[in-house]
Amino acid sequence: MTDSLAQSVTVDSERLTEWVGDRLPGAGLLELTRIGEGVGVANALFVVSRGGERWVLRRPPNVVNTPGASDISREWRLLSALEGTPVPHPTPILLCEDAEVIGAPFLVMSEVDGFTPVGTLPAPYNDPQARRSLAFAMVDAIADLSVVEWQTRGLEGLGRPEGFLERQVRRWNRQLDSYRQREVPHIAELSAWLEDNRPEMGAPGIMHGDYSPFNVMASRTRPERLAAVIDWDTGTIGDPLLDIGHLLARWGEPGEEPALERPDLLPREGLPTRAELAARYVERSGRDLSALAYYEVLSLFKLAVILEGGVRRARSNGDEAGAEGWIRINDRLLRIALEIASGKRRP
């Protein structure tokens, strides 16, 4: 399912050039090319070029679906804090918080030589061992992220780690109530299970907040290490185990119904099991994953609530077929969350 909210975003190259001045190499008008248009409601991306150099500009869409999403200043803080750490990320270069310049705050960052590893993967990932290495690389990145000493990197006050898990069910139910169009199946049952099975939170850490193959870039030459983790606008200081929970909840195994319409990575031959990926995370991070099922259920619960906003948008535009598409996706997410909670699907 896609959404048109971000498709009409433009950037005035003359206004941008005036603001940038000589803070980027070269002289003359900056050229902009939109990339990734029509893939959803995430922040809009533009390649910015001048004098043979290239960068990426990132700005919010015209309409933000989730409160707190598309926060450019938050993304800048996180990218800046990750400089000098093992976590692969784009290098932040410029931040503009003045919406008057191009119509919204924006940041400029380095261009990453990589690709989004979704669908049937190109070489070298047509080799099963390379796909296996890529899977472990995705785990390594968030394991390394979870142990970054965020207190010393300018991230104090970024989030509210105290009581983070205790707030989750109330927070997402409140958002759902703000645009609920139907009786959403299993929400009450899953809410009760999450409250009854909430673990004690470990040491707070940086969490990406939306970690999946859609938000990483695979290296074209080094399967064992990601080129970058991207889309940090919903990152915070909280429970980093929610990142690995989100990744593994969507990590289908042979014979299982995929959480979304299809598995993120294809073909599946050579990919590690969820148990192998969880063991890698524990080895790399030293964190306790004994309550993995809770984090998987919470991640699917959260994702379904966010995507339920698509039902309201579609119906407000008179698109009942689109609304039914979102309903099918969300009903599947919640059904699989219930299977994990009940033990029918192993974490």
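Residues numbered from 1 in each chain as written. Predicted model: local features only at pLDDT ≥ 70, side-chain atom pairs only at ≥ 80, totals over all residues. Heavy atoms only, no water.

1. Regarding the overall build of the protein chain
Turning to step 1, where the next piece is worked out: Within the protein chain, the secondary structure is distributed over 9 helices and 12 strands.
Turning to step 2, where the next piece is worked out: Taking 20 Å as the expected radius of gyration for a compact globule of 347 residues, we find that the protein chain reaches 20 Å, a close match to that expectation.
Turning to step 3, where the next piece is worked out: The dimensions of the protein chain, computed from C-alpha atoms along their principal axes, are 60 × 45 × 40 Å.
Turning to step 4, where the next piece is worked out: For the protein chain, restricting intrachain contacts to residue pairs at least 6 apart in sequence, the fraction spanning at least 24 positions comes to 73%.
Turning to step 5, where the next piece is worked out: Roughly 15,200 Å² of accessible area belongs to the protein chain as shown, and the carbon and sulfur atoms make up 48% of that amount.
Turning to step 6, where the next piece is worked out: One way to put it: in the protein chain the 40 positive side-chain charges average out to a point 2 Å from where the 51 negative ones average out. (Helix = DSSP H or I, 4+ residues; strand = E, 2+ residues; numbered from the N terminus. Rg over C-alpha atoms; globule rule 2.2 N^0.38 Å. Contact = heavy atoms within 4.5 Å. Areas by Shrake-Rupley, 256 points an atom, 1.4 Å probe, with all protein chains shown as cover. Lys, Arg positive; Asp, Glu negative; His and termini not counted. Charge placed at Lys NZ, Arg CZ, Asp CG, Glu CD.)

2. Looking at the packing of helix H8 (residues 292–316) against helix H9 (residues 320–342)
Turning to step 1, where the next piece is worked out: Between H8 and H9, whose axes approach to 8 Å, the crossing angle comes to 165°. Looking at the two axes, H8 sits roughly antiparallel to H9. When the axes of H8 and H9 are compared, the crossing they make is left-handed.
Turning to step 2, where the next piece is worked out: Among the residues making up the contact of H8 with H9, the classes are represented as 19 nonpolar, 3 polar and 6 charged. (Axes fitted to C-alpha atoms, helices over the stretch in contact; angles between N-to-C directions. Parallel < 35°, antiparallel > 145°, perpendicular 65-115°, else oblique. Left-handed = near helix turned anticlockwise from the far one by under 90°. Nonpolar A, V, L, I, M, F, W, Y, C, P; charged D, E, K, R; others polar.)

3. Notes on the pairing of strand E2 (residues 44–50)
Turning to step 1, where the next piece is worked out: The element E2 is extensively covered by neighbouring structure, given that 6 of its 7 residues are classed as buried.
Turning to step 2, where the next piece is worked out: Both strand E1 (residues 31–35) and E2 contribute to a ladder of 5 bridges, which runs antiparallel. From the neighbouring strand, Arg34 faces E2, where its bridge partner is Phe46.
Turning to step 3, where the next piece is worked out: One ladder, built from 7 bridges, connects E2 with strand E3 (residues 53–59); its direction is antiparallel. Across the sheet, residue Phe46 finds its bridge partner in E3, namely Leu57.
Turning to step 4, where the next piece is worked out: Following E2, the chain reverses through 2 residues before pairing antiparallel with E3; Gly51 in that reversal takes a positive phi of roughly 60°. (Buried < 20%, exposed > 50% of the residue type's maximum accessible area, 1.4 Å probe, protein only. Pairing = 2+ DSSP bridges.)

4. Quick look at the environment of Ile340
Turning to step 1, where the next piece is worked out: Along the chain, Ile340 falls in helix H9.
Turning to step 2, where the next piece is worked out: Among the residues examined, Ile340 registers a relative accessible area of 4% and is labelled buried.
Turning to step 3, where the next piece is worked out: Separated by 286 residues in the primary sequence, Ile340 and Arg54 place their C-alpha atoms 45 Å from one another.
Turning to step 4, where the next piece is worked out: If sequence neighbours within four positions are ignored, Ile340 has contacts with Ala293, Glu296, Val297, Leu300 and Arg345.

5. Side note on the sheet that holds strand E9 (residues 216–219)
Turning to step 1, where the next piece is worked out: Within the open sheet, the 3 strands sit side by side as E6-E9-E10. Their pairing is antiparallel. Because the sheet does not close on itself, it has two edges, and the strands there are strand E6 (114–115) and strand E10 (228–229).
Turning to step 2, where the next piece is worked out: As paired strands, E9 and E10 are joined by 2 bridges and run antiparallel to one another. When the bridges of E10 are listed, Val216 appears paired with Val229.

6. Quick notes on helix H3 (residues 128–146)
Turning to step 1, where the next piece is worked out: The first and last C-alpha atoms of H3 sit 28 Å apart over 19 residues, in line with the 27 Å expected at 1.5 Å per residue.
Turning to step 2, where the next piece is worked out: Within H3, 15 of the 19 residues are buried, which leaves it mostly tucked inside the rest of the structure.
Turning to step 3, where the next piece is worked out: Sitting at the amino-terminal end of H3 is Asp127, which places a side-chain oxygen 3.1 Å from the backbone nitrogen of Gln129. (Expected span 1.5 Å × (residues − 1). Polar contact = N/O pair within 3.5 Å; in protein donor to acceptor, adjacent residues only side chain to side chain.)

7. With respect to helix H7 (residues 274–285)
Turning to step 1, where the next piece is worked out: When the terminal C-alpha atoms of H7 are compared, their 16 Å separation across 12 residues agrees well with the 16 Å that a helix rising 1.5 Å per residue should span.
Turning to step 2, where the next piece is worked out: Where H7 is buried, its residues contact H3, helix H6 (241–249) and H8.
Turning to step 3, where the next piece is worked out: One or two residues past the end of H7 sits Gly286, with phi positive at roughly 75°.

8. Quick word on the packing of helix H5 (residues 187–196) against H8
Turning to step 1, where the next piece is worked out: Relative to each other, H5 and H8 sit at 145°, their axes nearing to 11 Å. The handedness of the crossing between H5 and H8 is left-handed. In this structure, H5 uses Ile187, Leu190, Ser191, Trp193 and Leu194 to contact H8, whose residues at the interface are Ala293, Tyr294, Val297, Leu298, Phe301 and Val305.
Turning to step 2, where the next piece is worked out: Each residue belonging to the contact of H5 with H8 can be placed in one class, and the counts come to 10 nonpolar, 1 polar and no charged.

9. Some remarks on the pattern of salt bridges
Turning to step 1, where the next piece is worked out: Counted according to the given criterion, the structure contains 21 salt bridges.
Turning to step 2, where the next piece is worked out: As a salt-bridge pair, Arg182 and Asp331 come within 2.9 Å of each other at their nearest N and O atoms. Highlighted residues: Arg182 in the loop between helix H4 (164–179) and H5 and Asp331 in helix H9, separated in sequence by 149 residues.
Turning to step 3, where the next piece is worked out: For Arg182, a relative accessible area of 14% puts it in the buried group.
Turning to step 4, where the next piece is worked out: On the accessibility criterion, Asp331 (22% relative accessible area) is partly exposed.
Turning to step 5, where the next piece is worked out: With its nearest N and O atoms 2.5 Å apart, the salt bridge here joins Glu257 to Arg335. Of this pair, Glu257 sits in the loop between H6 and strand E12 (265–266) while Arg335 sits in helix H9, and the two are 78 residues apart along the sequence.
Turning to step 6, where the next piece is worked out: Judged by its relative accessible area of 30%, Glu257 falls in the partly exposed class.
Turning to step 7, where the next piece is worked out: Its relative accessible area of 33% is what places Arg335 among the partly exposed residues. (Salt bridge = Lys/Arg side-chain N within 4 Å of Asp/Glu carboxyl O.)

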